[in-house]
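Residue-level listing of the chains:
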Amino acid sequence: MTGQGQAAGTRNVPDSISVLLDVSRVFLALAVAGAHWTQSYFQPDWPDLTIFGVAAVGGFFVLSGYTIRMIYPDGKSFDEGRYYVDRLSRLWSVALPALVATICLDAVSRYAAPDFYMSNWGGEADHPIFRIFANVGFLTQLWGYSIYPLSNSPFWSLGYEAAFYLMYGLYLSRRYMLLGLTALLLGPNILFMAVVWIGGAALYDVYSRKERKTGTGIRLFVAGGAVAVMGLAAADLNGFAETIRQVIDVFFGTLHVDPARVSVSLVLPSIAALAVFAWVFWALDLYGERIAVPDRLKAIARKVGDATFPIYLFHFPIFVCVAALGLYDVHSTWQKLAVFVGVIGVTFLITPWTNVLKDILRRRLRSGVGYVRLRFA
């Protein structure tokens, strides 16, 4: 869900892939927000589509792996300090304002509708200082534990995303022993989903014309494997899902660890996203450079793509506050749609400020103000 703003300019990405990544991300972010808006906290009439929001996170993990591999494909000239500064400034530029907004909005929600707030999010409101700092450090999903920052439950995926960045940086810097120790610290939940992230990164190696690493046979094999996986799922979706459930149960049961966020509703769509994007990137590898993308379309895609991360991290506490204040009729379809569009519009207004903060954080961290350059023996 992060990183695309740098990708297109850094790696000379074909316009077709740049637009695809931007549009795919914002679509997934809107799917997450839309699914959350159907939850019974906010309205009683629509079917709860939360499962589609969880599925969208699987797509985010695939695209994240692809994008980060695209930006940092070669470890020979890898600048470890710059990498961590860039990743941390990108995460913090949205996460820190979102955490501040969550604190303020939740305070209003709790004051305006204490019963509503405490009955739904009271379990995530204890030890608030610990919760906030754990999320600032992205140490929230270790070994089956989930630490949410008050009502803002979408933050859970950042515990995975930041961990993937950390491990990939250690891999590129060839700190393999430290990578192993870090993986042990992060725990099996993150490592299980890291397979999906690595799969997204592998799609870049297989299908990138700019960084060709594979022959035609391998590209056809991967595309054929994607067809086979989707065919198996289509032929017996329940059986396919049950197989995934059994793998999860055996893996975590053997380790005696709570799977927590690792579920069939996350893993199955992640596999589907890998298969679908394998086809898409194969097609763009073959024909993408022949596709003329109008400058206007590229500009629009970049603008909506930039809003992906703010949409993802800001929408939920705003939903909670709007509901707590009773600013709409929960039975009115048009009012609920208007609120949703308005909240998304607010996140678009926030986006330029997060981009400014990202640049400030990057300069500060690189110049030495709070910048600790990691050096391990």
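See the structure above.
Conventions and cut-offs
- Residue indices follow the written sequence of each chain, beginning from 1 at its first position.
- At least 70 in pLDDT is required for a residue's local features to be given in this predicted model, at least 80 for side-chain atom pairs to be given and counted, and no such filter applies to totals for whole chains, interfaces and linings, which use all residues.
- In computing side-chain properties, one takes all heavy atoms of the structure into account and sets aside hydrogens as well as water.
- Runs of H or I in DSSP of at least four residues are treated as helices and runs of E of at least two as strands, each being numbered from the N terminus.
- Here a residue-residue contact requires only that any non-hydrogen atoms of the pair lie within 4.5 Å.
- Patches here are clusters of residues that have more than 30% relative accessible area and form no salt bridge, with a 9 Å joining cutoff for like charges and a 5 Å cutoff for nonpolar side chains (Val, Leu, Ile, Met, Phe, Trp, Tyr).
- Working definition of accessibility: Shrake-Rupley area with a 1.4 Å probe, residue cover restricted to the visible protein chains.
- Should a side-chain nitrogen of Lys or Arg be within 4 Å of a carboxyl oxygen of Asp or Glu, the pair is scored as a salt bridge.
- Categorising residues by exposure relies on relative accessible area from a 1.4 Å probe, with only protein chains included: less than 20% of the type maximum marks a residue as buried, more than 50% marks it as exposed, and the intermediate range marks it as partly exposed.
- Axis geometry follows a simple rule: fit a line to the C-alpha atoms, using only the stretch in contact for helices, then measure angles between N-to-C directions, giving values from 0 to 180 degrees.
- When an angle is under 35 degrees it counts as roughly parallel; over 145 it counts as roughly antiparallel; between 65 and 115 it counts as roughly perpendicular; any other value is oblique.
- Classes in brief: Ala, Val, Leu, Ile, Met, Phe, Trp, Tyr, Cys and Pro nonpolar; Asp, Glu, Lys and Arg charged; the others, Gly included, polar.

A. Inspection of the environment of Pro44 at higher detail. Turning to its location among the elements, Pro44 is positioned in the loop between helix 2 (15-37) and helix 3 (50-71). It is 48 Å that separates the C-alpha atoms of Pro44 and Tyr171, two residues lying 127 residues apart in sequence. Ignoring any residue separated from it by four or fewer positions in sequence, one finds Pro44 in contact with Val330 and His331.

B. Structural detail: a nonpolar patch on the surface. A cluster of nonpolar residues, Leu49, Ile51 and Phe52, forms a patch on the protein surface that exposes about 290 Å² of accessible area. Within the secondary structure, Leu49 is located in the loop between helix 2 and helix 3. The class for Leu49 is partly exposed, based on a relative accessible area of 33%.

C. Structural context of the packing of helix 2 against helix 14 (residues 308-325). Remark: helix 2 packs on helix 14, axes separated minimally by 8 Å, with the N-to-C direction vectors making an angle of 10 degrees. With respect to helix 14, the axis of helix 2 lies roughly parallel. Here Arg25, Val26, Ala29, Leu30, Val32, Ala33, His36 and Trp37 of helix 2 come into contact with helix 14, specifically with Thr308, Ile311, Tyr312, His315, Phe316 and Phe319. Residue composition of the contact of helix 2 with helix 14, by class: 10 nonpolar, three polar and one charged.

D. Representation of the pattern of salt bridges. Counting across every chain of the model gives 11 salt bridges. Measuring nitrogen to oxygen at the nearest pair gives 3.1 Å for the salt bridge that ties Asp86 to Arg362. Pair noted here: Asp86 is in helix 4 (residues 80-112) and Arg362 is in helix 15 (residues 333-367), with a separation of 276 residues, a long-range link. Asp86 sits in the buried class, given a relative accessible area of 8%. Of the charged contacts, one joins Arg362 and Asp359 as a salt bridge, the two residues approaching to 3.3 Å between their closest N and O atoms. With Arg362 and Asp359 both in helix 15 and three residues apart, the pair spans about one turn of that helix. Asp359 gets classed as partly exposed once you look at its relative accessible area, which sits at 33%. Each of the salt bridges in this network shares a partner with another, and the network as a whole consists of Asp86, Asp359, Arg362 and Arg366.

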